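Summary of structural features
What follows is each chain in one-letter form.
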Amino acid sequence: MIKRRELHECGSLFEYLSHPSVFPFVRQKATSTDEFLFMTKQLMEEEECGKVISRTITDDYGMPIGTINLYDIQDQAGFLGTWIGHPFQGKGFNLKAKNLFLEELFYQHNINTVFVRIKKHNEKSLRATEKLAYSMNARYTHPTLFEEINAGDHKYELYQITKDLFYLATAASRFVEEEEHAI
């Protein structure tokens, strides 16, 4: 479902990234496969330095369909960036990948807060984030950060996912999984 990034996946990932329903919302706006390969190499180097954590999202057959990243890591916090190829949107891959990635961030990388900034006109992502039991609007809890991300031309909503809230919201599902494995 998620795995470390590999350069050989860049060609197929670029095809999904360049789709008009995906491209406007991605952080790495590569315009060619070579540019996306170069950006991915840079991202992998930044991960080695602890500045970012990046994973490939895969389908049920292990084929790459998108990416999930934690950018701008600082003070045990960072910004989440996720995109899924158009043919795979609305099929539950985003939620599964997000849950696995958040587990990794909180329990393996000592991250305490994940921020999510979403362009105000990205209604699909706004609805998806508001459905998450462990997500909360951070406009009022982090007003300085909210103002900072909205200082430019684009306007965003700001959400946060804390380790504690994620743990509480997902505890029941972990308990059910442990019970099933015990049987």
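These remarks concern the structure in this document. Nothing here was measured: the structure is a model prediction, and the numbers come from that model.

**Observations concerning helix α1 (residues 10-17)**
- Restricting attention to buried positions, one finds in α1 the residues Cys10, Leu13, Phe14 and Leu17. All buried residues of α1 project into a common sector of 105 degrees when viewed along the axis, lining one side.

**Things to note about the sheet that holds strand β1 (residues 2-4)**
- Read across the open sheet, the 7 strands follow the order β1-β2-β3-β4-β5-β7-β6; overall the sheet is mixed. Looking at strand neighbours, the two that pair on one side only are β1 and β6 (136-137), the edges of this open sheet.
- Both strand β3 (residues 64-74) and strand β4 (residues 77-84) contribute to a ladder of 7 bridges, which runs antiparallel. Within β4, the position partnered with isoleucine 68 by the bridge is threonine 82.
- Strand contacts of helix α2 (residues 33-48): β1, β2 (53-58), β3 and β4, with the helix running at about 125 degrees to β2, the strand carrying the most contacts.

**Things to note about the environment of phenylalanine 23**
- Along the chain, phenylalanine 23 falls in the loop between α1 and α2.
- With relative accessibility at 24%, the residue phenylalanine 23 sits in the partly exposed group.
- In this structure the C-alpha to C-alpha distance between phenylalanine 23 and methionine 1, which are 22 residues apart in sequence, comes to 22 Å.

**Side note on the pattern of salt bridges**
- Inspection of the entire model under this criterion finds 9 salt bridges.
- Of the charged contacts in the structure, one is a salt bridge between glutamate 48 and arginine 4, with a shortest N-O distance of 3.7 Å. Separated by 44 residues along the polypeptide, glutamate 48 in helix α2 and arginine 4 in strand β1 bring together distant segments of the chain.
- A relative accessible area of 64% places glutamate 48 in the exposed class.
- A salt bridge links glutamate 104 to arginine 55, with the nearest nitrogen and oxygen atoms 2.5 Å apart. Placement of glutamate 104 in helix α3 (residues 93-108) and of arginine 55 in strand β2 is noted, with a sequence separation of 49 residues between them.
- Among the charged side chains, a salt-bridge network with shared partners connects Arg4, Glu47, Glu48, Arg55 and Glu104.

What counts and what doesn't
- Residues numbered from 1 in each chain as written.
- Predicted model: local features only at pLDDT ≥ 70, side-chain atom pairs only at ≥ 80, totals over all residues.
- Heavy atoms only, no water.
- Buried < 20%, exposed > 50% of the residue type's maximum accessible area, 1.4 Å probe, protein only.
- Helix = DSSP H or I, 4+ residues; strand = E, 2+ residues; numbered from the N terminus.
- Arc of directions from axis to C-beta.
- Pairing = 2+ DSSP bridges.
- Contact = heavy atoms within 4.5 Å.
- Axes fitted to C-alpha atoms, helices over the stretch in contact; angles between N-to-C directions.
- Salt bridge = Lys/Arg side-chain N within 4 Å of Asp/Glu carboxyl O.

Structural measurements only, silent on function.
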